[in-house]
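# Summary of the model geometry
Listed here are the chains, written in short residue letters.
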Amino acid sequence: MRWIITAVCFLTLQPALAQKKTLFLAAGQSNAVGQGDSTASVHCTAGTAFEYRFSGDTLLALKDPAGHRELQFEKANSGSAWPAFAKAYHDLTGSQVVIVPAARGGSSCHYKAELNNYGTWDNRGRLPLFDSAIVKARAAASKTGLPVAGILWSQGERDANAINAQQLSPDEYEQQLTWLINQFKAALGNQVNFYMIQTGHYLNHPAKGFDIVRKAQENVARKMKHVFIVYSQTDSFKEKGWMKDEIHYNQTALNNIGAAVAKQVALKGKK
């Protein structure tokens, strides 16, 4: 009788123990950090979504404010897109989601666009961020036994401002974005997918630099394998009333981004 009960318990636990997990690195600048409202953020069902924290090498339940001030990266102030992404991705695929937050407000893609101590994803500049993101991603992969399935990228506002100020050329930004993606692939595997949330507009500022960045992102996605634009409607947020201020998305926008990106990532991941 005892062995029958044990066998039944084991079989009951098997689906939970074998449940698939998927690991994502969430990187970029302030809209990747999240400047929304945690009270309006999506809540994930217990056991379906996790955040990896480098300090302590631990997995925590994913909830806003997501992220942590570590390795030069920042915590959401106070809501982000990532709980909405995780919930939608789990609902679509059945996979548990592990998010590795690695974003810093104001960070640039190209070192020529770096502002003060806000950091850059270039390997040149005053505060390079790329190596820290790889350290955190690899630590999460070691902790979970999972490869990084994709990079969720929301960045470009700082470079658009630099293009408007003629500190950076359109070609320099596009070349740097291409270089950065290749660096991520070299560090995390050539098959890793790079998912871009297309840069929006800075209200009451020239649209030219932001349109250039958006076009460059489209060019890179078209030319490179495993690189996708998974959200492009950020330029309509003013009309929708989805801006928190001149540059940051509110929580309604972040929740929409998260859910829409999850749908695209689930589709792209099958290819």
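These numbers were taken from a predicted model, which means no experiment stands behind them.

When helices and strands are counted, the protein chain shows 9 helices and 7 strands. Taking all 271 residues of the protein chain together, the buried fraction comes to 53%. Residue pairs at least 24 apart in sequence account for 71% of intrachain contacts in the protein chain once pairs closer than 6 positions are excluded. Summed over all atoms, the accessible surface of the protein chain reaches about 12,300 Å², with 53% contributed by carbon and sulfur.

With that settled, the discussion passes to helix α9 (residues 251–268). Count 3.6 residues to each turn of an α-helix, and residues three or four apart come out pointing the same way. Compared with the 26 Å implied by 1.5 Å per residue over 18 residues, the 25 Å span of α9 between its first and last C-alpha is a close match. Three or more residues of α9 are buried, namely Gln 251, Ala 253, Leu 254, Asn 255, Ile 257, Gly 258, Val 261, Ala 262, Val 265, Ala 266 and Lys 268. The residue sitting at the N-terminus of α9 and contributing the capping side-chain oxygen is Asn 250; that oxygen lies 3.1 Å from the backbone nitrogen of Thr 252.

The subject of this paragraph is the pattern of salt bridges. Enumeration according to the criterion identifies 7 salt bridges in this entry. Two residues, Glu 172 and Lys 112, come together in a salt bridge whose shortest N-O distance is 2.6 Å. Here the residue Glu 172 occupies a position in helix α6 (residues 170–188), and Lys 112 occupies one in the loop between β4 (96–103) and α4 (130–144), the gap between them amounting to 60 residues. The class of Lys 112 is partly exposed, set by a relative accessible area of 35%. The residue Arg 214 makes a salt bridge to Asp 235 at a minimum N-O spacing of 3.3 Å. Here the residue Arg 214 occupies a position in helix α7 (residues 208–223), and Asp 235 occupies one in the loop between β7 (227–231) and α8 (237–240), the gap between them amounting to 21 residues. Given the relative accessible area of 9%, Arg 214 is considered buried.

Before going further, it helps to examine the environment of Ile 99. Here Ile 99 lies in strand β4. Residues Ile 99 and Phe 50, spaced 49 residues apart in sequence, show a C-alpha to C-alpha distance of 6.2 Å. If sequence neighbours within four positions are ignored, Ile 99 has contacts with Phe 24, Ala 26, Phe 50, Glu 51, Tyr 52, Leu 62, Trp 82, Phe 85 and Leu 152.

Right, let's talk about the nonpolar core for a bit. One finds Leu 25, Trp 121, Trp 153 and Phe 184 to be the most contacted residues of the largest nonpolar core, which totals 47 residues. Element by element, the count of residues in this core is highest for α4, at 7 residues. In this view, Leu 25 contacts Val 100, Ala 102, Ala 133, Ala 137, Val 148, Gly 150, Ile 151, Leu 152 and Phe 184; residues no more than four positions away in its chain are not counted. Ranked by size, the runner-up nonpolar core spans 32 residues in total, among them Ala 49, Tyr 231, Ala 253 and Val 265.

Rules of the game
Residues numbered from 1 in each chain as written. Predicted model: local features only at pLDDT ≥ 70, side-chain atom pairs only at ≥ 80, totals over all residues. Heavy atoms only, no water. Helix = DSSP H or I, 4+ residues; strand = E, 2+ residues; numbered from the N terminus. Buried < 20%, exposed > 50% of the residue type's maximum accessible area, 1.4 Å probe, protein only. Contact = heavy atoms within 4.5 Å. Areas by Shrake-Rupley, 256 points an atom, 1.4 Å probe, with all protein chains shown as cover. Expected span 1.5 Å × (residues − 1). Polar contact = N/O pair within 3.5 Å; in protein donor to acceptor, adjacent residues only side chain to side chain. Salt bridge = Lys/Arg side-chain N within 4 Å of Asp/Glu carboxyl O. Core = buried A, V, L, I, M, F, W, Y, C linked by side-chain atoms within 4.5 Å.

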